[in-house]
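# Descriptive analysis of the structure
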Amino acid sequence: MAKSDVKLIGAWASPFVMRPRIALNIKSVEYEFLEEILGSKSQLLLESNPVHKKIPVLIHGGKPICESLVIVEYIDEVWSPGPAILPSDPHDRALARFWAAYLDEKWFPAMRNIVTAKDEEARKALMDQVGEGLVLLEGAFSKCSKGKGFFGGDQIGYLDIAFGSFLGWLRALEKMNGVKLMDETKTPGLLKWADSFSSHPAVKDVFPETEKLVEFAKVLAKFKATLPK
Amino acid sequence: MASDQVTLLDLWASPFGMRVRLALAEKGVKYEYSEQDLMNKGALLLQMNPVHKKIPVLVHNGKPVCESLIIVQYIDEVWKDKAPFLPSDPYQRAQSRFWADFVDKKIYDFGRKIWMEKGEDQEAAKKGFIDSLKLLEGELGDKPYFGGETIGYVDIALVPFYTWFYAYETIGNFSIEAECPKLIGYCKRCLKKETVSKSLEDPKKVYDFVVMLRKKYGIE
């Protein structure tokens, strides 16, 4: 399949964009990465995702697919001779999807709101929420990994991708706030998993450096301050 | 699968619960319906959904599945020999997942604001709600159902909300049919199917339920 057949509109710092990139890497699919600039949306993005106008968007043979986890399932189904991303058992699939939804709807919004928390009390409350969520995810890891190194077992899978894409920002947040949210006492399994995940061949080239994210967080804060309320 | 034990923990008025009832009806799956008291949550619900403590929960041979659309996909994958909810083409499947996700993100939240808010906030919710329905009308096009000739994943995700439209209209003082006649026509077409009509609740009863909720939350 020619590289130009597969395009991904995204941005290096976005955890949601990282998800399809990892999925494409797992399937050894070459693609053209089209980087969006903060503050402006390209014509291609607006045409490919008129409903949400958000990244990532996968464009395959000219046809757009939107929403990061929808894209990951699409990649898994299209390039199907290739390591499987979703588990094969329906209950395991439901569990992986459940935790991915939990991450997107509850855990990540709490983490993201830490940066804009109105005071120390609010920030602490959110950090506690994130920490409690990590303890839940430690339990999920024990259950899903079945003693192996990843949520997907021997190989990284859907939930590894869904959760792992947030690790860069988690580490940046820990650094910016001088805290450890993932630690050896409460989340030993996740700590080990995080190392394995970030150094995995399908992940390491698209995993953002903590320092770069810390710098970018400042740029992002300045940019958001210019937006109308 | 004669030995399957299927139980649905649910609340009669929940559109999310109705999605699962519809999915089970489409597949012809026999199950035990267990009405839950959300003011006084039972041990089984707390055990089966400790993270969210919400309905619906499908319990299949003792193992729980939570989150309505995840349950619907699970039902489709387990009882795969009948009435597939998703198309076979991966691109069409991705489109179905996208639009079901759109229903989740827009219809419930705007709808909830219509019956919970007032003034400007309610007006903004009404506008968002209608705009979202119009986008769905565009996606439906000339097809009888979002799934094409038969009911599919997006239909299952959306049509239960029709039972809440009367409540939204009465409380919000507007006509959804006037703005989105095509969508209402579609909903009525769905209701002609027995699986749909027996899985969805009476809109007037739902309205009474919403009135009760508003009193309880002190909204007036």
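Quick notes on the rules
- Residues numbered from 1 in each chain as written.
- Chains lettered and ligands numbered in written order.
- Predicted model: local features only at pLDDT ≥ 70, side-chain atom pairs only at ≥ 80, totals over all residues.
- Heavy atoms only, no water.
- Helix = DSSP H or I, 4+ residues; strand = E, 2+ residues; numbered from the N terminus.
- Rg over C-alpha atoms; globule rule 2.2 N^0.38 Å.
- Buried < 20%, exposed > 50% of the residue type's maximum accessible area, 1.4 Å probe, protein only.
- Contact = heavy atoms within 4.5 Å.
- Areas by Shrake-Rupley, 256 points an atom, 1.4 Å probe, with all protein chains shown as cover.
- Lys, Arg positive; Asp, Glu negative; His and termini not counted.
- Charge placed at Lys NZ, Arg CZ, Asp CG, Glu CD.
- Phe/Tyr/Trp six-rings, centres within 6.5 Å; stacked < 30°, edge-to-face > 60°.
- Domains from an automatic or database assignment.
- Buried area = accessible area lost by both parts, 1.4 Å probe.
- Salt bridge = Lys/Arg side-chain N within 4 Å of Asp/Glu carboxyl O.
- Polar contact = N/O pair within 3.5 Å; in protein donor to acceptor, adjacent residues only side chain to side chain.
- Nonpolar A, V, L, I, M, F, W, Y, C, P; charged D, E, K, R; others polar.
- Pairing = 2+ DSSP bridges.
- Right-handed = clockwise from strand over helix to strand, strands pointing away.

Glancing now at the overall build of chain A. A count of helical and extended segments in chain A gives 9 helices and 4 strands. In chain A, the succession of helices and strands from N to C terminus is β-α-β-α-β-β-α-α-α-α-α-α-α. For 229 residues, the compact-globule formula gives about 17 Å, and the C-alpha radius of gyration of chain A, at 18 Å, lands near that figure. When the backbone C-alpha atoms are referred to their principal axes, chain A occupies close to 50 × 50 × 25 Å. Taking all 229 residues of chain A together, 51% fall into the buried category. Taking all contacts inside chain A whose residues are at least 6 apart in sequence as the whole, residues at least 24 apart take part in 67%. Counting every atom, chain A has about 11,000 Å² of accessible surface; 56% of that belongs to carbon and sulfur. Across chain A, the mean location of the 30 positive side-chain charges is 3 Å away from that of the 30 negative side-chain charges.

When its secondary structure is counted, chain B shows 11 helices and 4 strands. Against the compact-globule benchmark of 17 Å for 220 residues, chain B has a radius of gyration of 17 Å, which places it among compact chains. Seen through its C-alpha atoms, chain B measures out along the principal axes to roughly 55 × 45 × 30 Å. The buried share among the 220 residues of chain B stands at 53%. Sequence-distant contacts in chain B: of pairs separated by 6 or more residues, those separated by 24 or more amount to 69%. When the accessible surface of chain B is summed, it comes to about 10,200 Å², and 51% of that surface belongs to carbon and sulfur atoms. Between the centroid of the 32 positive side chains of chain B and the centroid of its 32 negative side chains there is a distance of 2 Å.

For the rest of this paragraph, the subject is the packing of aromatic side chains. Residues and elements named next belong to chain A. Across all of its chains, the model carries 30 aromatic pairs over all chains by this definition. Residues Phe 16 and Phe 166 carry aromatic rings whose centres are separated by 5.6 Å and whose planes lie at 85 degrees to one another, so their mutual orientation is edge-to-face. With Phe 16 in helix H1 (residues 15–26) and Phe 166 in the loop between helix H6 (158–164) and helix H7 (167–177), the pair connects residues that are 150 residues apart, well separated along the chain. Given a relative accessible area of 24%, Phe 16 falls into the partly exposed group. Owing to a relative accessible area of 0%, Phe 166 belongs among the buried residues under this scheme. Aromatic pair Trp 107 and Phe 163: ring centres 5.5 Å apart, planes at 85 degrees, arrangement edge-to-face. Taken as a pair, Trp 107 in helix H4 (residues 90–115) and Phe 163 in helix H6 lie far apart in primary sequence, 56 residues in all.

Next up on the list: the domain arrangement of chain A. All names here are of chain A. Per the domain assignment, the segments making up chain A are domain 1 (6–79) and domain 2 (90–218). In this structure, domain 1 and domain 2 have C-alpha centres spaced 21 Å apart. In this assembly, 16 residues from domain 1 lie in contact with 21 residues from domain 2. Of the roughly 1,700 Å² buried where domain 1 meets domain 2, counting both sides, 73% is carbon and sulfur surface. When residues of domain 1 are sorted by the area they lose upon contact with domain 2, Trp 12, Met 18 and Arg 19 head the list and together hold 34% of the total. We note a salt bridge from Arg 97 to Glu 73, for which the minimum N-O separation is 3.1 Å. Linking domain 1 with domain 2 are 6 residue pairs in polar contact (both at pLDDT 80 or more), by the criterion used here. Residue composition of the side of domain 1 that touches domain 2, by class: 12 nonpolar, 1 polar and 3 charged.

We now examine the domain arrangement of chain B. Residues and elements named next belong to chain B. Partitioning chain B into domains gives domain 1 (6–78) and domain 2 (90–217). Between the C-alpha centres of domain 1 and domain 2 there is a distance of 21 Å. Taken together, the 16 residues of domain 1 in the interface contact 25 residues of domain 2. Both sides together, the interface formed by domain 1 and domain 2 hides about 1,900 Å², and carbon and sulfur atoms give 69% of it. Along the contact surface separating domain 1 from domain 2 lie 3 salt bridges. In this structure, Arg 19 engages Asp 104 in a salt bridge whose closest nitrogen and oxygen atoms are separated by 2.8 Å.

In this chain, Ile 55 of chain A is followed by Pro 56 of chain A through a cis amide linkage whose omega measures 0 degrees. Considering the arrangement of structural elements, one finds Pro 56 of chain A in the loop between helix H2 (43–48) and strand E3 (57–60). Looking along the chain, the bond that leaves Ile 55 of chain B and enters Pro 56 of chain B is cis, with omega of 0 degrees. For Pro 56 of chain B, the position within the fold is in the loop between helix H2 (43–48) and strand E3 (57–60). Of note, Ser 28 of chain A is a non-glycine position whose phi angle comes to about 55 degrees, a positive value. Turning to its location among the elements, Ser 28 of chain A is positioned in the loop between H1 and strand E2 (32–35). Exposure remark for Ser 28 of chain A: the relative accessible area of 66% places this residue in the exposed category.

Okay, the pairing of strand E1 (residues 6–10) of chain B next. Regular strands place side chains that alternate from one sheet face to the opposite one. Residue and element names in this part refer to chain B. Summarising burial for E1: 5 of the 5 residues are buried, a large majority. Burial along E1 is two-sided: the face carrying Val 6, Leu 8 and Asp 10 and the face carrying Thr 7 and Leu 9 are both buried. As paired strands, E1 and E3 are joined by 4 bridges and run antiparallel to one another. The residue of E3 that forms the bridge with Val 6 is His 60. In terms of strand pairing, E1 meets strand E2 (residues 32–35) through 4 bridges, oriented parallel. Its bridge partner lying in E2, Leu 8 is registered against Tyr 33. As a crossover connection, the stretch from E1 through helix H1 (residues 15–27) into E2 is right-handed.

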